[in-house]
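# Remarks on the overall topology
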Amino acid sequence: MEDHPRRHGQQQQSAIGSKLKILLLVISTNIVSIYLFSASSLESAPRIHLWDSEALLRELSSTRHKLSASEKQLADLHRRLSTSNTLLEALLDELGKAHGDKTPPEDLDGWQNVLSGELKLAVGPHKLPLGFTANLGTDELYPTLGSPCRRFQAELTEYMSYEVGKDCPSDDIFAQRLMLKGCEPLPRRRCHPKSPDGYVEPTPFPASLWTIPPDTSIVWDAYSCKNYSCLVHRGKAKGSYDCKDCFDLNGREKVRWLGDNGNLDFGIDSVLGTKPPGTVRIGLDIGGGTATFAARMRERNITIVTSTMNFDGPFNSFIASRGLVPMHISIAHRLPFFDNTLDIVHSMHVLSNWIPDIVLEFALYDIYRVLRPGGLFWLDHFFCLGTQMNTRYLPIFSSIGFKKLRWNTARKLDRGIEMDEWYMSALLEKPMT
Ligand SMILES: *[C@@H]1O[C@H](CO)[C@@H](O)[C@H](O)[C@H]1NC(C)=O
Ligand SMILES: *[C@@H]1O[C@H](CO)[C@@H](O)[C@H](O)[C@H]1NC(C)=O
């Protein structure tokens, strides 16, 4: 992977090299043809004998002949040259495309121009009626679409292949993979998602918070488990899954964040206790699994939106069944909240050393952005190596601008002390002024 940028550079260089060669070829072909022409016209210069008028006339008419013949030749050569130039231009264009150097505006239009069918309609642009342009500052509406989508045109075309008004293909996993590759948000579609068979009204609130929903509440196509009993029990079974035991609402989920061990495990009530009563009202849990954090907050009349992907399980549907708000966005997505609005942002086990530093830094600034002054950022169990903690992560976290209310680090011991794996839990506050 580290080798990649260099190789890419070499590729580009060789592309530029071959383009230069072709350009030189074009130029030299032109020069040679000009030379040939001028040479041939010199060679056939008429030898006129002024004393012989008949001969002069003959010479003149023959010269006219030759001249018109060479005019024809010239026109012919011209035509051939311009054809070969067009071909070469096309070739250069192709070469440029293959090697990824493109002039952005042309490329943007180029991308949109080759689309067809539903994808073309979904991507736009669409002309706005007169009179609406002033408010929006544009006369064309571009439906939102993650810019990396352009790199996956074949997949995108497949995603947009369906009959308008009919059922969408069963492609949840395919669609989520596309999102994770950066095509986020996906384009909108004009089809119906598959509906679960035998859907019944959800469990009423507040019982819904701690009730496993009926199996008929979702479509199981995308998952290896085909019922909730399977998902609940996989917590104790072999195999590694994301948020493995999160569907078991009577297991570990039941006690999370209730107590405060003074170390990595902060309690919800001790965190809320750092703010005046009732002032923490709305927030976000990033990568919140089955939303038990949101459930515990809901019991305290606090509304938490839980972002989660459906990794090996119907996390979004399960959260919704509990009567909580799921949000299907990845960690790479800009938080869809306005500046200075949320009272609290929580995240456990998601932000850690797998995220490239610069991506992490952008994410932390984004969290800072959406928090209101005095808002809390509860970073729960940030994972990294001992050697990374002080040299790499402390500087990043310190640079964002948060005030540290709590900061605890401890070894993660389940794989042995020699692994030098650490957790950090922190309670950070966006300054009031
Ligand atoms: C649940 O699904 C598993 C396979 O995923 C199956 O073995 C099991 O019998 C199912 N249980 C019920 C109660 O349907
Ligand atoms: C939540 O709000 C309801 C209705 O306003 C109130 O009756 C209840 O006591 C509140 N619960 C908590 C834990 O504050």
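Keep in mind it's a predicted model, so treat the numbers as computed, not measured.

### What to know about the nonpolar core
By size, the foremost hydrophobic cluster in this structure holds 34 residues, and its most contacted members are Met297 and Trp378. Those elements that provide at least two residues to this core are α8 (228-233), α9 (268-272), α10 (292-298), α11 (315-321), β6 (342-348) and β7 (371-385). Looking at this core, the element that brings in the most residues is α10, giving four residues. Other than its neighbours up to four places away in sequence, tryptophan 378 contacts Trp257, Phe266, Gly267, Ile268, Val271, Phe293, Val345, His346, Ser347, Ala426 and Leu427. Val345, Val370, Cys384 and Ile396 belong to the second-largest nonpolar core, a separate cluster that totals 29 residues.

### Quick notes on the site of ligand 1
All residues in the neighbourhood of ligand 1 are listed as Lys226, Asn227 and Cys230. With respect to ligand 1, the backbone of lysine 226 contributes an N or O atom lying 3.4 Å from an oxygen atom. Note that an oxygen atom of ligand 1 is positioned 2.2 Å from one of the side-chain N or O atoms of asparagine 227. Relative to its unbound accessible surface of 360 Å², ligand 1 loses 35% to contact with the protein.

### Here we look at the side chain of serine 347
Structurally, the position occupied by serine 347 is in strand β6. Only 3.1 Å separates the side chain of serine 347 from the backbone oxygen of isoleucine 286, close enough to count as a polar contact. Not counting chain neighbours up to four residues away, the residues in contact with serine 347 comprise Asp285, Ile286, Trp378, Leu379 and Asp380.

### Concerning the packing of aromatic side chains
For the coordinates displayed, the defined rule picks out 15 aromatic pairs. Residues phenylalanine 382 and tyrosine 393 carry aromatic rings whose centres are separated by 4.8 Å and whose planes lie at 70 degrees to one another, so their mutual orientation is edge-to-face. Highlighted residues: phenylalanine 382 in strand β7 and tyrosine 393 in helix α13 (residues 386-399), separated in sequence by eleven residues. A residue is classified by how much of its surface remains accessible, and phenylalanine 382, at 0% relative accessible area, is buried. Owing to a relative accessible area of 0%, tyrosine 393 belongs among the buried residues under this scheme. On the numbers, 5.2 Å between centres and 90 degrees between planes, the contact of phenylalanine 382 with phenylalanine 397 is edge-to-face. With phenylalanine 382 in strand β7 and phenylalanine 397 in helix α13, the pair connects residues that are 15 residues apart, well separated along the chain. Judged on exposure class, the residue phenylalanine 382 and its partner phenylalanine 397 are both buried. Members of the aromatic cluster, connected to one another through ring pairs, are Trp220, Tyr223, Tyr228, Phe247, Phe315 and Phe318.

### Some thoughts on the packing of helix α12 (residues 357-370) against α13
At a closest axis distance of 10 Å, the pairing of α12 and α13 adopts a crossing angle of 30 degrees. Here α13 runs roughly parallel to α12, going by the angle between their axes. The handedness of the crossing between α12 and α13 comes out as right-handed. Listed contacts from α13 to Asp357, Leu360, Glu361, Leu364 and Tyr365 of α12 are Arg392, Tyr393, Ile396, Phe397 and Ser399. Partitioning the contact of α12 with α13 into residue classes produces six nonpolar, one polar and three charged.

### Looking at the layout of surface pockets
Taken as a whole, the second largest pocket holds about 860 Å³ of empty space. For the lining of the second largest pocket, the element with the most residues is helix α7 (residues 172-180), which contributes eight residues. Looking at the lining of the second largest pocket, its residues break down into 17 nonpolar, eight polar and eight charged. Each of domain 2 (111-180) and domain 3 (207-429) contributes no fewer than three residues to the lining of the second largest pocket.

### A word on the pairing of strand β3 (residues 282-286)
With four of its five residues buried, β3 lies for the most part within the structure. Here β3 runs beside strand β4 (residues 303-307); their pairing, made up of five bridges, is parallel. In the sheet register, leucine 284 faces β4, and the bridge partner there is valine 305. With respect to chirality, the unit in which β3 leads through α10 into the neighbouring parallel β4 is right-handed. Both β3 and β6 contribute to a ladder of four bridges, which runs parallel. Its bridge partner being in β6, glycine 283 is matched across the sheet by isoleucine 344.

Cut-offs and rules
Residues take numbers from 1 onward in each chain, read along the sequence in its written order. The order in which chains are written sets their letters, starting at A; the order in which ligands are written sets their numbers, starting at 1. Note on the predicted model: pLDDT of at least 70 is required for a residue's local features to be given, and 80 or more for side-chain atom pairs to be given and counted; whole-chain, interface and lining totals, by contrast, use all residues. Hydrogen atoms and water are omitted, and side-chain values are computed over all heavy atoms in the structure. As used here, the term nonpolar core means buried Ala, Val, Leu, Ile, Met, Phe, Trp, Tyr and Cys residues forming a set that is joined through side-chain atoms within 4.5 Å. Burial classes follow relative accessibility: with a 1.4 Å probe on protein chains only, a residue under 20% of its type's maximum area counts as buried, one over 50% as exposed, and anything between as partly exposed. Helix numbering and strand numbering both begin at the N terminus, where a helix is a DSSP run of H or I of at least 4 residues and a strand a DSSP run of E of at least 2. Every residue pair with non-hydrogen atoms within 4.5 Å of one another is taken to be in contact. Proximity is defined per residue: any heavy atom of the residue falling within 4 Å of a molecule or strand makes that residue near it. N or O atoms within 3.5 Å of each other form a polar contact, as long as, within protein, one can give a hydrogen and the other can take it, and as long as residues adjacent in sequence are counted only when both atoms are side-chain atoms. Using a 1.4 Å probe, the Shrake-Rupley method yields the accessible areas, and only the shown protein chains count as cover for residues. Aromatic contacts are taken between Phe, Tyr and Trp rings whose centres are within 6.5 Å, Trp giving its six-membered ring; a plane angle under 30 degrees counts as stacked, one over 60 as edge-to-face, and the others as tilted. Whenever a helix is involved, its axis is fitted only over the stretch in contact; in every case the axis is a line through C-alpha atoms, and angles between N-to-C directions fall within 0 to 180 degrees. Any angle that is under 35 degrees is reported as roughly parallel, and any over 145 degrees as roughly antiparallel; angles of 65 to 115 degrees are reported as roughly perpendicular and all others as oblique. Two helices that cross are described as forming a left-handed crossing if the nearer one is turned anticlockwise from the farther one by less than a right angle, and a right-handed crossing if clockwise. Gly counts as polar in this scheme, as do all residues outside two lists: the nonpolar Ala, Val, Leu, Ile, Met, Phe, Trp, Tyr, Cys and Pro, and the charged Asp, Glu, Lys and Arg. Only protein atoms enter the calculation, which uses a 1 Å grid: trapped sets of points that fit a 1.4 Å probe without letting it out are cavities, open sets showing protein on both sides within 12 Å along at least five of seven lines are pockets, and any residue with an atom within 4 Å of a point is a lining residue. Grid points are joined across faces, edges and corners, and a volume is the space filled by probe spheres set on the points. Where a domain begins and ends is set by an automatic assignment or by a domain database. Any two strands with at least two DSSP-identified bridges between them are counted as paired. Handedness of a crossover is defined as follows: orient the strands so they point away from the viewer, and if the path from the first strand over the helix to the second runs clockwise, the crossover is right-handed.

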